[in-house]
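Close look at the chain arrangement
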Amino acid sequence: MSVEKFDPSGYAIHNDNFIGLPYDEQSANLILVPVPWEATVSYAAGTAQAAQNILDASYQLDLLDWDYPNAWKIGIYMQPMEGIVLQKSEETRALATQHIDALESQQPIDAERLEQVNEASESLNNWVYRKTKALLEQGKLVGLVGGDHSTPFGYLQALAEQHADFGILQIDAHCDLRKAYEGFEYSHASIFYNVLEQNKAVSKLVQVGIRDACEEEIEYAEASQNRVEIYTMPMLRAGAYTHKKSFDAYCQEIVNKLPQKVYISFDIDGLDPKLCPNTGTPVPDGLEMNETFYLIHQVVASGRKIIGFDLSEVGTATEWDGNVGARVLYKLCNAAGVSNGLV
Ligand SMILES: [Mn+2]
């Protein structure tokens, strides 16, 4: 269907594009890239196929976005999922699972097997880098759809070649600052350790919604000389309990800590698990969806530019996981699109 004939108030056509939007890769300004990868997931699996669950649930969404009128005109297109990447993820995950089983039962470690997992993860990073780099060179905005939270590493490298200085706003239950979790160099639990160590364009990382962390991660953040700032869930809630610091006041503080260019990394487990029941590592008492939307909108309202984003760890066991995932993904698209002047 052409954009001219498209009825934004009508029912969604199941056209294999996100929310049935009337764009293809050429006509779209914002491309969603599925990365079906979960080689090192440590708890509940399934997120590799999250993009499909999100796509299937997305036809249910209405296109009106309360924050951004005419957001659907941004021009969003979701690429099809590449089966070969999913296959490689499954093969690698089988090896990773054997490794985790050996670790947990205190059996000897097969170094060669571990090396295979790490090499496969590096190949995935290179694949993501090449894929996103090509789209950025065409002037497209890119949103990455995981997969687990290790997936945006290569995309952030591609962005660093276009932007000398940017900050990351991370919505997450976990810091993901572990050094080589379980021996996996590119674990989902290590994504921001790896980014901070290897990506010099990232001048700031602000983490919001954190409630599970280890001491090593907090020490790493404290030693970073304010490059990493952590807003825990207890901190945000205490502000509300005491009426001493509103959520809005926290949002303004968070936004002010970010540089002019912002990348948003949205791990769905930052939300309360009622909104993401089948995510890989759910943690009780998370953010409400509208709290995250409010925060994201404050980034846009401040005049900052969202240069890219990812959504990771969405579950696949129920349509509900996809439904919430689709709403978060649409909001990320719209905030990024509006901050780049696309509508
Ligand atoms: Mn995460």
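Here, every reference points to the structure presented above.
Cut-off values and rules
- Starting afresh in each chain, residues are numbered from 1 along the sequence in its written order.
- For this predicted model, a pLDDT threshold of at least 70 governs which residues receive local features, and a threshold of 80 or more governs which side-chain atom pairs are given and counted, while totals over whole chains, interfaces and linings are taken from all residues.
- Between any two strands, at least two bridges found by DSSP are needed for them to pair.
- Under the DSSP-based scheme used, a helix requires at least four consecutive residues in state H or I and a strand at least two consecutive residues in state E, with every element numbered from the N terminus.
- Under this scheme, a helix contributes an axis fitted over its contacting stretch, all axes are lines through C-alpha atoms, and angles between N-to-C directions fall in the 0 to 180 degree range.
- By the convention adopted here, residues are in contact when the distance between their C-beta atoms, placed from the backbone, does not exceed 7 Å.
- Angles are sorted into four bins: roughly parallel if under 35 degrees, roughly antiparallel if over 145, roughly perpendicular if 65 to 115, and oblique for all others.
- What makes a crossing left-handed is the near helix being turned counterclockwise from the far one by less than a right angle; a clockwise turn instead makes it right-handed.
- When residues are sorted by character, Ala, Val, Leu, Ile, Met, Phe, Trp, Tyr, Cys and Pro go into the nonpolar class, Asp, Glu, Lys and Arg into the charged class, and all the rest, Gly among them, into the polar class.
- A helix is expected to span 1.5 Å multiplied by its residue count minus one.
- Comment: burial labels come from other C-beta atoms within 10 Å of the residue's own C-beta, placed from the backbone, where a count of 20 or more is buried, 12 or fewer is exposed, and between is partly exposed.
- Under the definition applied here, buried Ala, Val, Leu, Ile, Met, Phe, Trp, Tyr and Cys residues are grouped into a nonpolar core through C-beta atoms within 7 Å.
- Convention used here: a crossover is right-handed provided that the path from the first strand, over the helix, to the second strand proceeds clockwise when the strands point away from the viewer.

1. Some details on the sheet that holds strand 3 (residues 141-146)
Strands sit in the order 2-1-3-8-7-4-5-6 across an open sheet of eight strands; the sheet is parallel. The open sheet terminates on both sides in strands that have one partner only, identified here as strand 2 (76-78) and strand 6 (228-232). Strand-to-strand, the axes of this sheet are offset by a mean angle of 15 degrees, without reference to chain direction. By the bridge criterion, six bridges tie strand 4 (residues 166-171) to strand 5 (residues 202-210) in an arrangement that is parallel. In the sheet register, Gln 170 faces strand 5, and the bridge partner there is Gln 207. Across the sheet, helix 8 (residues 247-257) lies against strand 5 and strand 6, angled at about 160 degrees from strand 5, the strand it touches most.

2. Focus: the packing of helix 2 (residues 83-104) against helix 3 (residues 111-137)
The geometry of helix 2 relative to helix 3 is characterised by a closest axis approach of 9 Å and an angle of 150 degrees between their N-to-C directions. Judged on the interaxial angle alone, helix 3 and helix 2 are roughly antiparallel. Relative to helix 3, the crossing made by helix 2 is left-handed. Contact residues: Val 85, Lys 88, Thr 92, Leu 95, Ala 96, Gln 98 and His 99 in helix 2; Arg 113, Leu 114, Gln 116, Val 117, Ala 120 and Trp 127 in helix 3. When grouped by side-chain class, the residues that make up the contact of helix 2 with helix 3 number seven nonpolar, four polar and two charged.

3. Considering helix 9 (residues 289-301)
For helix 9, spanning 13 residues, the distance from its first C-alpha to its last is 18 Å, which sits close to the expected 18 Å at 1.5 Å a residue. Along helix 9, the residues that are buried comprise Glu 291, Thr 292, Phe 293, Leu 295, Ile 296, His 297, Val 299 and Val 300. Check the buried side of helix 9 and you find it contacts strand 4, strand 5, helix 8, strand 7 (261-267), strand 8 (305-312) and helix 10 (319-339). Positive phi shows up at Gly 303, right after helix 9, with a value of about 90 degrees.

4. Considering unusual backbone geometry
Cis geometry marks the peptide bond from Gly 146 to Gly 147, where omega comes out at 15 degrees. Mapped onto the elements of the fold, Gly 147 is located in the loop between strand 3 and helix 4 (153-160). We note that His 243 has phi near 60 degrees; this positive angle belongs to a residue other than glycine. Within the element layout of this structure, His 243 appears in the loop between helix 7 (233-242) and helix 8.

5. Side note on the nonpolar core
Core analysis: the largest hydrophobic core is formed by 99 residues, its most contacted members being Val 145 and Leu 332. For this core, the element with the most residues is helix 10, which contributes ten residues. Apart from the residues within four sequence positions on either side, Leu 332 is in contact with Gly 143, Ile 264, Phe 266, Phe 309 and Leu 311.

6. Quick look at the pairing of strand 6
Of the strand pairs in this sheet, strand 5 and strand 6 are connected by five bridges, and their pairing is parallel. Counterpart to Val 208 in the pairing with strand 6 is Tyr 231. Running through helix 6 (residues 215-222), the crossover from strand 5 to the neighbouring parallel element strand 6 is right-handed.

7. Considerations on the pairing of strand 5
Burial within strand 5 is extensive, with seven of its nine residues counted as buried. Taken together, strand 4, helix 5 (residues 191-198) and strand 5 constitute a β-α-β crossover, and its handedness is right-handed.

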